[in-house]
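Structure assessment
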Amino acid sequence: MKQVLHIFRKDVRHLWPSIAIVMVMAIGHAVFDVLSWPVYTPETTRVNAISSLLNMLLPLSLWFLIAQLIFQEALPGDRQFWLTRPYRWTHLLAAKILFVIIFCSVPLFVSDCYILGAQGLGVFGVIPRLLFRQMLLAALFIVPAFTLATVTTGLLQFVLAWFILLLALVSELVLGSNGASFDVYSGPAFVLIFTVTFMGIVLWQYAKRHTMAARVVLLAVACAFLPIMREVWHLPFFHRAAPTLPESPKGFDIRVSYDLSRVSLRRSGQAPPDGFLHACIPLAVEGLPPGTLLRGNALTTIRVAGRTWPEPGQMWASSVERDGNEYWQTLTLRKSGSKAIEQQSASLHASFDLEVVTDRVETTLSLAKQSFHAPNLGFCRVFSFGSRTNLSCKTGVAPTVETTVSYGLSEPTAGQAIASTPEYSLPWELSPTTSNMTTGFNSDQAPAEMTLTPRRKVTQFHRTLNASSVELIRYVRRP
Amino acid sequence: MSSPIRCEGVAKRFRRVAAVDGLELEVPEGSIYALIGPNGAGKTTLIKMLVNILRPSEGHCVVLDTDARRLTAREFEQIGYVSENQELPEWMTVDYFLAYLKPFYKNWDDGLATELTREFQLAGHRRLGQLSRGMKMKAALASSLAYHPRLILLDEPFSGLDALVRDELIAGLLERAAGTTILVSSHDLGEVESFASHVGFMDAGRLQCSEETTKLYERFREIEVTLVSTATLPSDWPESWSKPQRSDGVVRFIDNQFDANWTPVAIAERFPAAVNVSIKPMSLREIFVSLAQAGRRLRGER
């Protein structure tokens, strides 16, 4: 331990100017992150620009510091004085890690705490989450730089190695993805593969100093990243088996069926994408507990004149939506196939995953104040500029419940979904806050208050519905 | 106790080039071993393998009873290494450099470090990066002597230094490292012949000879035979005699197995018409040059 601290003190003594730069960047990042909002007024435009700049400069200053730190006792080469001194590689590595924790991770952690605290988003209740976030930040921002510095001899090589690594990854994604889902890169497998590979190379380099071999391994992993990710992603470890939903949820007697006799047709709702049309099939829903609503998705097959859509291997998703007091299954269909459904009736087979969520206004907030805290929305601010009024909210790392916001206006009808943060979401940005809602109004229509309806899950279940002789053309929504 | 340095069949290849090629070496305890050889002979590569900076392609070396590939901090506490092309932490001042190294060594001697700093006239407050080459070598040597190492390896330490600095370094080294085994490499014999107890001559990655300096002096003689007329060279030319050079009735060659009893008789037998025979002892530098030339000739003939 004495040797660890001795090397650490030496590094601090030499690298204090770079440490000071990181500190200034971290403080600047924290201060401007609090001041920045995803709203563009004369007040926020400059602040947002500085905040974005600091978001770029802070990682750069961290990488520069880490590179300088490792180069103090560079690993590649045969001329370094320390190679023939009684250094213990474990102590040397420990000293470097200690330095990185104190001068890279701790400033980021303190900056997180300040950003959350200054906006009243709560710090002490989320310390474990903040620490977990630091691990993810280290995996994304610190470990790669640390690793590259152990296989390079100077800043130029270090920068070049970054480019080569990124080039290898990007080329692979462009050339080799073949339409693979990019979701795989946001999961824990990404962090695990990269961190294990990088830390393995770091340990190997410090223990053996086989620089050329380490470089080859690093490049090979970068080049073979996609196949490795695919293999790892399919390991059962990363897949909690999707729960099999019960057909009848315990304690509830909820009945769902097609209601083809309903006369009313749906006219409102989101427009379909170009080249598609929406067919809204009426659903009858009974037995829902009071103060709840039903929603969900269904995989649906349509059979018309002996032909089935989608064709084998394809899937059509459709959603269950409530409009007023009525429920609909909205099918998104290609316009090119509409001729067939215009002329003949179809039979439907739909497999629904449904959930019942709360549908009760829990909070009503006045928008008279310029800033306020709202449950599940976090810290909100009202910006008035010219003829526009904007409302924007930021949430921290604490878990949130999806909430629908209503302003009691006819237009816009309002409502923003607030997704709760998954445990493993990767912090691609340095800020611990997420802007979860920004809504704009014309000032003459600006609402006086807003109501919050959290969507807490009450129960989930599965249902299969069949219907024959459905005249789909009848249900195509026409604006 | 076994030799502090022992190499068996050690080789180092960089792609197809063999920098060291099947070398055998044994450095006796307490000796000052001068490893000499022309530039590119493989001296630096060998020393780097001895301190585990480079790994041998074949064979192995044992340093302080440990395989050089497995040297740890414990062994490095007893090894001093100074090289002409070593990169020192240039931002450190001399005083801080010595203070920084101190906790790494159990045997660090503050008094000796101070004495060496004074003797080498090192300005403690100056950064290593601001020092001249000679002063840097002094700082490196001071930092390698201050913990009384059992073994000191010096790789071309005097290369490019002026005579005064070189003498100061040598004096400092000899005074402080009495009893320590020292291996010093050089391509210039004049630098080391005054104090080396043993000499190893390295060429083309191999050790051509390795022995005590006194024995080497005894073994080599430059012989000059003056003949009356242009006599032909004898056909039974001994192997220990180098290829002769002839000019104006004078034949010159080097005997590398000189024997006071046998050599004069062998000369008389082969040159019965000799008017004069001069047998001169050689300096280490002359021996080195003759060995190097013989080696090159041999490679040329191959």
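Residue indices begin from 1 for each chain and proceed along its sequence in written order. In the order they appear in the text, chains get letters beginning with A and ligands get numbers beginning with 1. Thresholds applied to this predicted model are a pLDDT of at least 70 for local features of residues and 80 or more for the giving and counting of side-chain atom pairs; totals over whole chains, interfaces and linings are not thresholded and use all residues. Side-chain measures here rest on the full set of heavy atoms in the structure, leaving out hydrogens and waters.

Regarding the overall build of chain A
Scanning chain A from terminus to terminus reveals 10 helices and 15 strands. Exposed residues in this analysis have more than 50% of their type's maximum accessible area, buried residues have under 20%, and partly exposed residues fall in between, with area computed by a 1.4 Å probe over protein chains only. Out of the 479 residues in chain A, the part that is buried amounts to 48%. Residues count as neighbours in contact if any of their non-hydrogen atoms are within 4.5 Å of one another. Taking the contacts inside chain A whose residues are at least 6 apart along the sequence as the reference set, 79% of them involve residues at least 24 apart. Accessible area of chain A: about 23,800 Å², with a carbon and sulfur share of 61%. For the purposes of this entry, the term helix denotes a DSSP run of H or I that reaches at least four residues, the term strand denotes a run of E that reaches at least two, and both are numbered from the N terminus. Residue burial considers only the protein chains on display, and all accessible areas are found by Shrake-Rupley using a 1.4 Å probe.

Some words on the sheet that holds strand 12 (residues 403-406) of chain A
Residues and elements named next belong to chain A. Pairing within the open sheet is antiparallel, and its 3 strands lie in the order 8-14-12. Looking at which strands have only one partner, the edges of the open sheet turn out to be strand 8 (363-366) and strand 12. Neighbouring strand axes in the sheet, compared pairwise and without regard to direction, differ in orientation by 25° on average. Should DSSP find at least two bridges between two strands, the strands are regarded as paired. Here an axis means a line fitted to C-alpha atoms, over the contact stretch when the element is a helix, while the angle between two N-to-C directions is reported on a 0 to 180 degree scale.

A closer look at the packing of helix 2 (residues 42-72) of chain A against helix 3 (residues 89-118) of chain A
Residue and element names in this part refer to chain A. Where helix 2 meets helix 3, the axes come as close as 10 Å, and the angle between the chain directions of the two elements is 170°. In this view, helix 2 runs roughly antiparallel relative to helix 3, as classed from their interaxial angle. Regarding helix 2 and helix 3, the two cross each other, and that crossing is right-handed. Seen from helix 2, the contacting residues are L58, L62, L65, I66, L69, I70 and Q72; seen from helix 3, they are K96, F99, V100, F103, C104 and L108. Charged residues are taken to be Asp, Glu, Lys and Arg, nonpolar residues to be Ala, Val, Leu, Ile, Met, Phe, Trp, Tyr, Cys and Pro, and polar residues to be all remaining types, Gly included. Taken together, the residues of the contact of helix 2 with helix 3 break down into 11 nonpolar, 1 polar and 1 charged. For classification purposes, angles smaller than 35 degrees are called roughly parallel, those larger than 145 roughly antiparallel, those between 65 and 115 roughly perpendicular, and all remaining angles oblique. Take the far helix as the reference: if the near one is turned anticlockwise from it by less than a right angle, the crossing is left-handed, and if turned clockwise, right-handed.

Overview of the environment of A260 of chain B
All names here are of chain B. Within the secondary structure layout, A260 lies in the loop between strand 13 (250-255) and helix 9 (262-270). Exposure remark for A260: the relative accessible area of 54% places this residue in the exposed category. Note: C-alpha distance between A260 and R219 (41 residues apart in sequence) is 9.8 Å.

Describing the sheet that holds strand 11 (residues 388-395) of chain A
Residue and element names in this part refer to chain A. The 4 strands lie next to each other as 9-10-11-13, forming an open sheet whose pairing is antiparallel. Both edges of this open sheet fall to strand 9 (371-374) and strand 13 (434-442), since each of them pairs with a single strand only. Across the sheet, the mean angle separating the axes of adjacent strands is 20° when strand polarity is ignored. Bridge analysis of strand 11 against strand 13 gives 8 bridges, and the strand direction is antiparallel. Across the sheet, residue R388 finds its bridge partner in strand 13, namely N442.

Digging into the interface of chain A and chain B
Between chain A and chain B, the contact holds 21 residues from the first and 30 residues from the second. By buried area we mean the combined loss of accessible area, with a 1.4 Å probe, across both parts when two parts are placed together. When the two sides are added together, the surface that chain A and chain B hide from each other amounts to roughly 2,300 Å², 58% of it contributed by carbon and sulfur. For the chain A face of the interface with chain B, the top three residues by lost area are F81, T84 and R85 of chain A, together amounting to 31%. Note that D78 of chain A is salt-bridged to K48 of chain B, the shortest N-O span being 3.3 Å. Any pair of N or O atoms that falls within 3.5 Å is considered a polar contact. Within protein, one atom must be able to donate a hydrogen and the other to accept it, and sequence-neighbouring residues count only if both atoms are side-chain atoms. Joining chain A to chain B, the criterion identifies 10 residue pairs in polar contact (both at pLDDT 80 or more). Salt bridges are identified by distance alone: a Lys or Arg side-chain nitrogen within 4 Å of an Asp or Glu carboxyl oxygen.

Considering the side chain of T292 of chain A
For T292 of chain A, the position within the fold is in strand 3 (residues 292-304). Polar contacts involving the side chain of T292 of chain A include one to the main-chain carbonyl oxygen of P289 of chain A, which spans 2.5 Å.

Quick look at helix 3 (residues 94-101) of chain B
Most of helix 3 of chain B sits out of view: 6 of its 8 residues are buried. Every buried residue of helix 3 of chain B is listed here: V94, Y96, F97, L98, Y100 and L101 of chain B. Where helix 3 of chain B is buried, its residues meet helix 1 (2-35) of chain A together with helix 4 (110-119) and helix 5 (133-145) of chain B.

Focus on the domain arrangement of chain B
These domain boundaries are the output of an automatic or database domain assignment. One can read the domain layout of chain B as domain 1 (5-216) and domain 2 (221-281). Taking only C-alpha atoms into account, the centre of domain 1 of chain B sits 40 Å from that of domain 2 of chain B.

Regarding a nonpolar patch on the surface
Residues and elements named next belong to chain A. Among the surface-exposed residues, I97, I101, I102, V106 and V110 lie close enough to one another that they form a single nonpolar patch of about 360 Å² accessible area. For I102, the location among the structural elements is in helix 3. Given the relative accessible area of 33%, I102 is considered partly exposed. The patches described consist of residues with a relative accessible area above 30% and no salt bridge, like charges being joined within 9 Å and nonpolar side chains (Val, Leu, Ile, Met, Phe, Trp, Tyr) within 5 Å.

Focus on helix 5 of chain B
Residues three or four positions apart in an α-helix share a direction because the helix packs 3.6 residues into each turn. All names here are of chain B. For helix 5, which comprises 13 residues, the first-to-last C-alpha distance of 18 Å matches the rise-based estimate of 18 Å (1.5 Å per residue) to within 8%. Counting buried positions along helix 5 yields 11 of 13 residues, so the element is predominantly enclosed. Listed as buried for helix 5 are G134, M135, M137, K138, A139, A140, L141, A142, S143, S144 and L145. Tucked into the core, helix 5 has its buried residues touching strand 6 (79-83), helix 3, helix 4, strand 7 (151-155) and helix 6 (163-176). What a helix is expected to span follows from its residue count: subtract one and scale by 1.5 Å.

Observations concerning the pattern of salt bridges
Scanning all chains against the criterion turns up 32 salt bridges over all chains. A salt bridge links E362 of chain A to R456 of chain A, with the shortest nitrogen-to-oxygen separation between them at 2.6 Å. Of this pair, E362 of chain A sits in the loop between strand 7 (346-358) and strand 8 while R456 of chain A sits in the loop between strand 14 (449-454) and strand 15 (457-470), placing them 94 residues apart in sequence. Accessibility expressed as a relative area gives 35% for R456 of chain A, which makes it partly exposed. Where K43 of chain B meets E156 of chain B, a salt bridge forms, and the shortest distance between an N and an O atom there is 3.5 Å. Of this pair, K43 of chain B sits in helix 1 (residues 43-50) while E156 of chain B is found in the loop between strand 7 and helix 6, placing the two residues 113 residues apart along the sequence. Across the pair, exposure class does not vary: K43 of chain B and E156 of chain B are buried alike.

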